[in-house]
Amino acid sequence: MISANDLSPAELAALLHFHADAGVEWLLEEEAVDRFAEFEAMKAARRAAAPQQAPQQNTQQQSRATAPQRQAPAAASAPAVRPQPAIPDGEAVQQARFAAESARSLAELKTALEAFNGCNLKHSARSTIFASGDAASGIMVIGSAPSAEDDREGQPFAGRPGALLDKMLAAIGLDRSGILLTQVIPWRPPGNRVPSPAEMDICRPFIERQIALAEPKAILLFGNFAARVFFGETDTIHGLRGQWKEIGAGGLTIPAIATLHPQDLLTAPVNKRLAWNDLLAFQQKLRDLDLITK
C-alpha cells in the first residue's frame, strides 16, 4: 500500500480527485482493514461449527417429516413487494414540462420539483437543489450539477468550491445572497458522473422555468456541462468560455457568458487568470445594464 507521505502534493491531489469522481465521499475507518482475511476467518468459523449443528438439523428434518402436513392460511403469506415501474423517458419529459409550466412563482416551482419523481437521479440523491438568493436582482448564476457537498448540505455551491465561488463573486462586488444561484440539474448524479441526455431532457423544463420566472438580465454559467446545455455546442469549457451568447427561456432572450467552474480552478489553479477575465467581462455587462455600480 502506498502511503500518502510518499506522494507529492500534485499526486495526492490527483488521487483525491480520482476518488471523488468515483463516488468516494466518506472515510469509514481510521486504519486499513484486511476484509479478505476477515472473510476467510468467518468461513473457517462456519466450517468448524457445521458438524455440531448437523445432528440437530437432522432431528428437525425428521420431526418435520413425521408431523402432519398443515397448510398455512392464505392470509398469513406476505404479499410480494414489486418494484415501482420506471416512467418512460418521453412520458417523464411531458410530466416535467406540465409540472414546470403550471408553476406561477419560484415557490410553486420548488414545490413542484420536490414532488416530481420522474427522474431516476432523485432516487439516489439526498437533496433537491433549488435556486437560492435574490430573484429580483436581475443577476443569475447557474452551475452544472450538485456535488457531494451540495447534496449533503442541500444548497448549491457548498464546500470548498462554494467558498471559492464566494471569493470570485466578492471580487466583482457580488455575494450569493444578492443574486439568484442555482444548478442546471437539481439532483446529484451518482459518483458525480455527467447526466445522461435523457436525464437532461427531463430536468430541462425546470431550469428553463426558473429562468423564465426570475427574468434575469444577465446570466453567468459555471462549468462545461452548463455551457453545453445552454449554448447547444459540444466544445469544452475552454472553447466556450469568455464569449457572450444569447439564450432563450420562456420567451425571454438573455445574454449569458460561461467560465470555468470553481472545482476546475481548485484542480488547476493556473486557469484562475482565465476565469478572472470572464468575471471582469460579466462585471462590465452588469454595469452596462445598471445592475451594479462598482
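Computed from a prediction, not measured in an experiment: that's the story for all the values here.

A. Highlighting the overall build of the protein chain. A tally of helices and strands in the protein chain yields twelve helices and six strands. In the protein chain, buried positions account for 36% of the 294 residues. For the protein chain, the proportion of contacts with a sequence separation of at least 24, taken over those separated by at least 6, is 72%. A total accessible area of about 17500 Å² is found for the protein chain, and carbon and sulfur atoms account for 54% of it.

B. Highlighting the side chain of Asp-150. In this structure, Asp-150 sits in helix α6 (residues 148–153). Arg-176 is the oppositely charged side chain nearest to the buried, salt-bridge-free Asp-150, at an N-O distance of 7.2 Å. Within the structure, Asp-150 has its side chain in polar contact with the backbone nitrogen of Ala-158 (distance 2.6 Å). A distance of 3.1 Å separates polar atoms of two side chains, one belonging to Asp-150 and the other to Gln-183. In this structure, Asp-150 is in contact with Ile-129, Ala-145, Gln-155, Pro-156, Phe-157, Ala-158 and Gln-183, ignoring residues within four places of it in sequence.

C. Spatial organisation of the sheet that holds strand β2 (residues 139–143). Strands sit in the order β1-β3-β2-β4-β6-β5 across an open sheet of six strands; the sheet is mixed. Every interior strand has two partners, whereas the edge strands, β1 (132–133) and β5 (245–249), have only one. Bridge analysis of β2 against strand β3 (residues 180–183) gives four bridges, and the strand direction is parallel. What sits directly across from Met-140, in β3, is Leu-180. In this fold helix α9 (residues 224–231) packs onto β2, β4 (218–222), β5 and β6 (252–259), with an angle of close to 135° to the strand it touches most, β4.

D. Inspection of the pairing of β4 at higher detail. Along β4, five of the five residues are buried, which leaves the element largely enclosed by surrounding structure. Side chains Ala-218, Leu-220 and Phe-222 project from β4 onto one buried face, and the interleaved Ile-219 and Leu-221 project onto a second face that is buried too. Pairing analysis gives four bridges linking β2 to β4, with the strands arranged parallel. Bridge pairing in β4 links Met-140 to Ile-219. Across four bridges, the pairing between β4 and β6 is parallel. Across the sheet, Leu-220 pairs through a bridge with Ile-257, a residue of β6.

E. Layout of unusual backbone geometry. Residue Asn-192 is not a glycine yet carries a positive backbone phi of 60°. Positionally, Asn-192 belongs in the loop between β3 and α8 (197–214).

F. Up close: the nonpolar core. Counting 68 residues, the largest nonpolar core has Ile-142, Leu-174, Val-184, Ile-219, Phe-230, Phe-231 and Phe-282 as the members making the most contacts within it. If you tally residues by element for this core, the top one is α8, at seven residues. With residues near it in sequence (within four places) discarded, Phe-231 still touches Leu-221, Leu-240, Gln-243, Lys-245, Ile-247, Ala-256 and Ala-258.

G. Just α8, in detail. For α8, which comprises 18 residues, the first-to-last C-alpha distance of 25 Å matches the rise-based estimate of 26 Å (1.5 Å per residue) to within 8%. Taken as a whole, α8 carries its principal kink of about 40° at Cys-203; the proline Pro-205 stands between one and four residues after it. Three or more residues of α8 are buried, namely Glu-199, Met-200, Ile-202, Cys-203, Pro-205, Phe-206, Ile-207, Arg-209, Gln-210, Ile-211, Ala-212 and Ala-214. Just past α8, the residue Glu-215 takes up positive phi, approximately 50°.

H. View of the pairing of β5. Of the strand pairs in this sheet, β5 and β6 are connected by five bridges, and their pairing is antiparallel. Of the residues in β6, the one forming a bridge with Gly-248 is Thr-253. Here β5 hands over to β6 after two residues, with Gly-250 in that stretch at a positive phi of 60°.

I. Region of interest: the confidence of the model for the protein chain. For the protein chain, mean pLDDT is 83; residues scoring 70 or higher make up 72% of the total. This stretch, residues 65–85, has a pLDDT under 50; its non-local contacts, to residues over four places away or in other chains, come to one contact.

J. Structural context of the environment of Ala-100. Within the secondary structure layout, Ala-100 lies in helix α3 (residues 89–102). Distance from Ala-100 to Arg-204, taken between C-alpha atoms, is 9.6 Å for residues 104 residues apart in sequence. The residues touching Ala-100, leaving out its near neighbours within four places in the chain, are Leu-109, Pro-205, Phe-206 and Arg-209.

K. Representation of the side chain of Ser-127 within the structure. Mapped onto the fold, Ser-127 is located in the loop between α5 (121–124) and β1. On the accessibility criterion, Ser-127 (15% relative accessible area) is buried. Reaching out from Ser-127, the side chain makes a polar contact with the backbone oxygen of Asp-151 at a distance of 2.6 Å. Aside from chain neighbours lying at most four places away, what touches Ser-127 is Asp-151, Gly-154, Pro-186 and Trp-187.

Each value, and the rule that gives it
- Residues numbered from 1 in each chain as written.
- Predicted model: local features only at pLDDT ≥ 70, side-chain atom pairs only at ≥ 80, totals over all residues.
- Heavy atoms only, no water.
- Helix = DSSP H or I, 4+ residues; strand = E, 2+ residues; numbered from the N terminus.
- Buried < 20%, exposed > 50% of the residue type's maximum accessible area, 1.4 Å probe, protein only.
- Contact = heavy atoms within 4.5 Å.
- Areas by Shrake-Rupley, 256 points an atom, 1.4 Å probe, with all protein chains shown as cover.
- Lys, Arg positive; Asp, Glu negative; His and termini not counted.
- Salt bridge = Lys/Arg side-chain N within 4 Å of Asp/Glu carboxyl O.
- Polar contact = N/O pair within 3.5 Å; in protein donor to acceptor, adjacent residues only side chain to side chain.
- Pairing = 2+ DSSP bridges.
- Axes fitted to C-alpha atoms, helices over the stretch in contact; angles between N-to-C directions.
- Core = buried A, V, L, I, M, F, W, Y, C linked by side-chain atoms within 4.5 Å.
- Expected span 1.5 Å × (residues − 1).
- Bend = angle between axes of the 7 residues up to and from the residue.
- pLDDT = per-residue confidence, 0-100.

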